[in-house]
Amino acid sequence: MTQKPEVTGFFDPRTWSVQYVVADPATKKCAIVDPVYDFDEKSGQTASLNADRILAFVRERGYTVEWILDTHPHADHFSAAPYLKEKTGAPTAIGERVKDVQRLWKGFYNWPDFPADGSQWDRLFTDGETFMVGDIRARVMFSPGHTLASITYVIGDAAFVHDTLFMPDSGTARADFPGGSARVLWNSIQAILALPDETRLFTGHDYQPGGREPLWESTVAEQKTGNIHMARCRNEDAFVAIREARDRSLAMPKLILQSLQINTNGGRLPVPESNGVRYLKIPLDLLKGAVWD
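What you see is a predicted model; the values in this text were computed from it and never measured.

> Explain the sheet that holds strand 7 (residues 78–79) to me, please; I cannot follow it from the model alone.
Two strands in a sheet stick together by hydrogen bonds in their backbones, pointing the same way (parallel) or opposite ways (antiparallel). Spatial ordering of the open sheet is given by 5-4-7, a layout of three strands whose pairing is antiparallel. The sheet is open, and its two edges are formed by strand 5 (45–47) and strand 7, each paired on a single side.

> Is there a simple way to think about the packing of aromatic side chains in this case?
Ring pairs (aromatic) are described by centroid distance and by the angle formed between their planes. Within the structure shown, the criterion is met by 20 aromatic pairs. With a centroid separation of 4.7 Å and 20° between ring planes, the pair formed by Phe 39 and Phe 78 is classed as stacked. Placement of the pair is Phe 39 in strand 4 (residues 36–40) and Phe 78 in strand 7, with a sequence separation of 39 residues. You'll find Phe 39 and Phe 78 in the same group, each marked buried. Centroid distance Phe 125 to Phe 131: 4.6 Å. Interplanar angle 20°. Geometry classified as stacked. Among the residues examined, Phe 125 registers a relative accessible area of 1% and is labelled buried. Taken together, the ring pairs connect Trp 105, Phe 108, Tyr 109, Trp 111 and Phe 114 into an aromatic cluster.

> When you look at helix 7 (residues 256–263) in this model, what are you seeing that I'm missing?
Residues three or four positions apart in an α-helix share a direction because the helix packs 3.6 residues into each turn. For helix 7, the buried fraction is high: eight of the eight residues fall into the buried class. Where helix 7 is concerned, the buried positions are Ile 256, Leu 257, Gln 258, Ser 259, Leu 260, Gln 261, Ile 262 and Asn 263. Against the buried residues of helix 7 lie strand 4, strand 7 and helix 3 (98–108).

> Where do I start with the packing of helix 4 (residues 182–193) against helix 6 (residues 236–248) in this structure?
In the contact formed by helix 4 and helix 6, the axes pass within 9 Å of each other and the chain directions differ by 125°. The angle between helix 4 and helix 6 places the two elements in the oblique class. For the element pair helix 4 and helix 6, the recorded crossing hand is right-handed. The segment helix 4 lies against helix 6, with Ala 182, Arg 183, Leu 185, Trp 186, Asn 187 and Ile 189 engaging Glu 236, Asp 237, Phe 239, Val 240, Arg 243 and Glu 244. Of the residues that constitute the contact of helix 4 with helix 6, the class distribution is six nonpolar, one polar and five charged.

The rules we used
- Residues numbered from 1 in each chain as written.
- Predicted model: local features only at pLDDT ≥ 70, side-chain atom pairs only at ≥ 80, totals over all residues.
- Heavy atoms only, no water.
- Pairing = 2+ DSSP bridges.
- Helix = DSSP H or I, 4+ residues; strand = E, 2+ residues; numbered from the N terminus.
- Phe/Tyr/Trp six-rings, centres within 6.5 Å; stacked < 30°, edge-to-face > 60°.
- Buried < 20%, exposed > 50% of the residue type's maximum accessible area, 1.4 Å probe, protein only.
- Contact = heavy atoms within 4.5 Å.
- Axes fitted to C-alpha atoms, helices over the stretch in contact; angles between N-to-C directions.
- Parallel < 35°, antiparallel > 145°, perpendicular 65-115°, else oblique.
- Left-handed = near helix turned anticlockwise from the far one by under 90°.
- Nonpolar A, V, L, I, M, F, W, Y, C, P; charged D, E, K, R; others polar.

Spelled out as structure tokens, the structure:
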């Protein structure tokens, strides 16, 4: 019998991100998945509003945090993993291929001394590795394409599929970031859709097409029949054509250069300089995708 964790989503309208608390109802132990640390790009101000909302929920439910899990280094928000580790003592984790992302962006930021070894996290998961959330078995699926390092966490009957599949009316995630690949993403999605039809899928973002209310939960069966990309793309070549055409029309995320500086370092903010102020380093003319009008 497949175990069924309690899953609560927390939607952040500023970044369209969904953060999760996934808990074993029997033991009251939980994991936090893809938490957001707030950043206002206009003022440069940071805050812990999203993370504190999750902590308040955890206290209210009487949960004990066992894990703080990132699915990949995000390009549109800062990770709150270090903040939550400080508050809860729980270990942080991500997929071991984060080292590939670190090596790539280390060059982009001209960081010769940056340790691109994944040591910023407490645990680097390998493909197929298992761990526990309370008494519920969890398994790691390597699912790249959106990034080199993306993984899916399958916890009981719930799979946290990050930026692979969105809600059926939104299709699939972009694959044009440095290290991304639409062909690789197709194969990752096929592995996710090979899970049992009743598996609950929890996506990492919702962009509210048509202005509808935010949604983030579907099933494998619903994605197979209703996803606007997967239902019409019966083979890899068709998917790649649709995905790459769509990606060419998209601007880069507004926070990609800020976020990757933080998230390749495990969510840590830059060290304060001699005046006590932290500074972001933004490479100019590195990425394409500017919209000038």
